[in-house]
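Per-entry structural report
The chain contents come next:
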Amino acid sequence: MLIWQAWRMSLANPIISPPQSNWQHLLLISQPALALAPPSFVDRLRTSMAFEGLSLAVRSHDTGPIFDLIMGLVPLQGISDGVALRYSKQHGSARLDAILDQLASAPSCDRLTSYWHFAECSYEKTGPTCAEPAHFSTCPLPSIKLRKGVLNRAAYSLALFIRDVCEGDLVGWIDARLAQADPGTDHPDRGPLLRVAILDPLCEIHGIGPKLWAMILADLLLGADPNRERWVTAGAWMIAVDSLIHNFLHRTGTLAHFGAEHPYGPACTAPGGCRDLLEGLSRRIDARAYNPNFPATFPRFVQAALWSFCAEGGWNICNGNRIDDRLGCRQTACPNFKVCDRRGLWQPTKR
């Protein structure tokens, strides 16, 4: 009920005074999304993690269920969830214990010797092709019936990372990385430093990009064990920039205001890109106003609120199904209508 009251109030009393700075403009257009965001955001994550067995897995340093979580999400990239899930249901998914058993049998291909040797594997289902055709007949990768070869490589790359870099204990590796990187609770950049400590090496794993890692780690670190304070802090600073977030920042004029216009892709997580803008926004919002148990600075909550404001599965407001980008947004009922720049994605920038 409170959510709908906030929604109706934002429609009835839109804030239309001109912002005094670029940051004030971004704060202004973010207000409706934050008003609609559930204050139970973290509680829901923790309930889900416990139900799925991830909380127990973390406490017991059981890497298998965490591998399953990751490889359950990796196939969803670049295709509809329904198609990907139907394929996995029909053909099965990658399992850590099965991959480690295959690796223990000492395959003849040198690229399966270690995580570092595997970096240049180029297995593809089409053809099929690989970098070592002389060893293809004994290669274990095709035995996993995944939708395309890049997913097989992701599964083996992740399994080798867990075996060789984490020494079989992904939870222990995360604990150690965060402890080593921790500059102290009073450091103003503690959250970003903890984020980088685990996100950067994981992004080297083949086939799993920074957006997906940020999504996975945010849920796992925030939700699996509330007693791991460093996990919670690092998870709070995981920012996943997908096309909905990028397009929101474009349509509202945020990218233009900051001189940060760029196409969706790697530039979103580069310096000065979408992730930095969301981080700067989050530093200017006290998330405890939405739930007193939240950390004061909570980038993941802010990003999730904006995503839900846009997504068809959320509030379904700022997305390509509701907006003809040749014309720009015409949703007069949107609480941001009078303060948003309403730029079409394909319109030239107006100076």
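Bear in mind that the values here come from a model prediction, so they are computed numbers and not experimental data. (Residues numbered from 1 in each chain as written. Predicted model: local features only at pLDDT ≥ 70, side-chain atom pairs only at ≥ 80, totals over all residues. Heavy atoms only, no water.)

What to know about unusual backbone geometry
With the exception of glycine, the majority of residues adopt a negative phi angle, and the majority of peptide bonds are in the trans configuration. In this structure, Pro 128 follows Gly 127 across a cis peptide bond, with omega equal to -10 degrees. Mapped onto the fold, Pro 128 is located in the loop between helix H7 (96–104) and helix H8 (149–165). In this structure, Glu 167 is a non-glycine residue whose phi angle is positive, near 55 degrees. Mapped onto the elements, Glu 167 comes out in the loop between H8 and helix H9 (170–181). On the basis of relative accessible area, Glu 167 is assigned to the exposed category, the value being 70%. Although it is not a glycine, Arg 342 sits at a positive phi angle of roughly 55 degrees. Note that Arg 342 resides in the segment after helix H16 (299–310). (Helix = DSSP H or I, 4+ residues; strand = E, 2+ residues; numbered from the N terminus. Buried < 20%, exposed > 50% of the residue type's maximum accessible area, 1.4 Å probe, protein only.)

Thoughts on the confidence of the model for the protein
Residues of the protein with pLDDT of at least 70 account for 90%, and the chain-wide mean is 90. The low-confidence segment residues 1–18, where pLDDT is below 50, has 20 contacts with residues more than four positions distant or belonging to other chains. (pLDDT = per-residue confidence, 0-100. Contact = heavy atoms within 4.5 Å.)

Here we look at the environment of Leu 160
Mapped onto the secondary structure, Leu 160 falls in helix H8. Judged by its relative accessible area of 0%, Leu 160 is buried. Distance in space between the C-alpha atoms of Leu 160 and Ile 99 is 9.0 Å, their sequence separation being 61 residues.

Here we look at the layout of surface pockets
Considered as a void within the structure, the largest pocket measures approximately 1100 Å³ in volume. The wall of the largest pocket is formed by 33 residues, among which Met 215, Asp 219, Asp 242, Arg 300 and Trp 307 lie closest to the centre. Listed by contribution, the elements that provide at least two residues to the lining of the largest pocket are helix H3 (41–51), helix H5 (63–73), helix H11 (210–223), helix H13 (243–251) and H16. Looking at which element gives the most residues to the lining of the largest pocket, the answer is H16, with seven residues. (1 Å grid on protein atoms, 1.4 Å probe; cavity = no way out; pocket = protein on both sides within 12 Å on 5 of 7 lines; lining within 4 Å. Points joined across faces, edges and corners; volume = space filled by probe spheres on them.)

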